[in-house]
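Chain and residue survey
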Amino acid sequence: DVKVTQSSRYLVKRTGEKVFLECVQDMDHENMFWYRQDPGLGLRLIYFSYDVKMKEKGDIPEGYSVSREKKERFSLILESASTNQTSMYLCASTNREWAGQFSYEQYFGPGTRLTVT
Amino acid sequence: TQLLEQSPQFLSIQEGENLTVYCNSSSVFSSLQWYRQEPGEGPVLLVTVVTGGEVKKLKRLTFQFGDARKDSSLHITAAQPGDTGLYLCAYDSWGKLQFGAGTQVVVTP
């Protein structure tokens, strides 16, 4: 079974703190993603990575950065946490192979609920 | 603005009832995915629909992709409390998933 783990289920931080969210997958997947999930907005893509040391901005990258030093690990960094970054953060991974019109499955971690006070 | 509109936003039903949730768009998709997210967990893929008019069944869940490949529906027959969760549709945009806002389904015993 594919397993995606996230370092914390719950996290409380103060405004201005630097926050690290860690994600590890054990299936040798090429692609990894960070989303935030807010009620009524669904999941929104923050950053993604197609390979080690590669990163691409998603739809809402402002206020975030990422690091992918090893294939299995993808970190999300909040340089200076703000209250509007209070949210559920989900990490996902998937393989690169994509045959024709078919989509491929993303595997999600359980999420980190971050509260910034 | 989200490309995928899901309705209703919230649905609360009794065990044994049927329900249908919808995923609509004005755009044409090569495929759509349906995920279910249970409380405290990440989303899990239920099905991918690919062909216009396609119907896929997963036990009591029936998924349909519209003929024009612009919309999809999920029908649950005889819902059970274990069906409680957030149902999300998504399309694949060059390896990135774009999600609808989801339908929260609550099935009470």
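Residues numbered from 1 in each chain as written. Chains lettered and ligands numbered in written order. Predicted model: local features only at pLDDT ≥ 70, side-chain atom pairs only at ≥ 80, totals over all residues. Heavy atoms only, no water.

Moving on, we get to the overall build of chain B. Counting its secondary structure elements, chain B contains 0 helices and 11 strands. Going residue by residue from the N terminus, the α and β elements of chain B occur as β-β-β-β-β-β-β-β-β-β-β. Taking 2.2 N^0.38 as the reference for a compact globule, 109 residues should give roughly 13 Å; the C-alpha atoms of chain B span a radius of gyration of 13 Å, in line with that estimate. On the principal axes, the C-alpha backbone points of chain B span a range of 40 × 25 × 20 Å. When the 109 residues of chain B are sorted by exposure, 49% land in the buried category. Across chain B, contacts joining residues at least 24 apart in sequence account for 51% of those joining residues at least 6 apart. Computed over 8 positive and 10 negative side-chain charges, the separation of the two mean positions in chain B equals 6 Å. (Helix = DSSP H or I, 4+ residues; strand = E, 2+ residues; numbered from the N terminus. Rg over C-alpha atoms; globule rule 2.2 N^0.38 Å. Buried < 20%, exposed > 50% of the residue type's maximum accessible area, 1.4 Å probe, protein only. Contact = heavy atoms within 4.5 Å. Lys, Arg positive; Asp, Glu negative; His and termini not counted. Charge placed at Lys NZ, Arg CZ, Asp CG, Glu CD.)

Moving on to the layout of surface pockets. When its volume is computed, the largest pocket comes out at roughly 470 Å³. Every residue lining the largest pocket is counted, 21 residues in all, and those nearest its centre are A:Gln37, A:Pro39, B:Gln37, B:Leu86 and B:Gln104. Secondary-structure elements contributing two or more residues to the lining of the largest pocket are β4 (31–38) and β9 (87–94) of chain A together with β9 (85–93) and β11 (103–108) of chain B. In the lining of the largest pocket, the residues fall into 5 nonpolar, 12 polar and 4 charged. (1 Å grid on protein atoms, 1.4 Å probe; cavity = no way out; pocket = protein on both sides within 12 Å on 5 of 7 lines; lining within 4 Å. Points joined across faces, edges and corners; volume = space filled by probe spheres on them. Nonpolar A, V, L, I, M, F, W, Y, C, P; charged D, E, K, R; others polar.)

On to the sheet that holds strand β7 (residues 61–65) of chain B, then. Residue and element names in this part refer to chain B. Reading across from one edge, β1-β3-β8-β7-β6 is the order of the 5 strands in this open sheet, with antiparallel pairing throughout. Each of the sheet's edge strands pairs with one partner strand only, and the pair in question is β1 (5–7) and β6 (55–58). If you compare each strand with its neighbour and ignore which way they point, the axes differ by 15° on average. For strand β3 (residues 19–24) and strand β8 (residues 71–76), the ladder comprises 6 bridges, and the chain directions are antiparallel. Among the inter-strand pairings, Tyr22 is bridged to a residue of β8, identified as Ser73. (Pairing = 2+ DSSP bridges. Axes fitted to C-alpha atoms, helices over the stretch in contact; angles between N-to-C directions.)

A few words on the sheet that holds strand β1 (residues 4–6) of chain A. All names here are of chain A. The antiparallel open sheet is built from 4 strands, whose spatial order is β1-β3-β8-β7. Each edge of the sheet is formed by a strand with only one pairing partner; in this case those strands are β1 and β7 (64–70). This sheet shows a mean twist of 20° between the axes of neighbouring strands, independent of strand direction. With 3 bridges joining them, β1 and strand β3 (residues 19–25) adopt antiparallel strand pairing. For Gln6, the partnering residue across the bridge sits in β3 and is Cys23.

The next point concerns the packing of aromatic side chains. What the rule picks out here adds up to 11 aromatic pairs over all chains. A ring pair is formed by A:Phe108 and B:Tyr35, whose centres lie 5.9 Å apart and whose planes are at 85°; its orientation type is edge-to-face. One end of the pair, A:Phe108, is in strand β10 (residues 107–108); the other, B:Tyr35, is in strand β4 (residues 32–37), on a second chain. Each member of the pair, A:Phe108 as well as B:Tyr35, carries the same accessibility label: buried. Seen from their ring centres, A:Phe108 and B:Phe99 are 6.2 Å apart, and the 70° between their planes marks the pair as edge-to-face. Of the two residues, A:Phe108 is situated in strand β10 and B:Phe99 in strand β10 (residues 96–99); the pairing between them involves two chains. (Phe/Tyr/Trp six-rings, centres within 6.5 Å; stacked < 30°, edge-to-face > 60°.)

The subject of this paragraph is the nonpolar core. Residues and elements named next belong to chain B. Leu19, Leu32, Trp34, Phe63 and Leu74 are the most contacted members of the largest nonpolar core, which totals 23 residues. Counting residues per element, the ones that place at least two in this core are β2 (10–14), β3, β4, β5 (44–49), β7, β8, β9 and β11. Beyond its immediate sequence surroundings of up to four residues, Phe63 is in contact with Trp34, Leu46, Val47, Val49, Glu54, Val55, Lys56, Leu58, Ser73 and Leu74. (Core = buried A, V, L, I, M, F, W, Y, C linked by side-chain atoms within 4.5 Å.)

It is worth stressing that arrangement in space is one thing and function is another; only the former is reported here.
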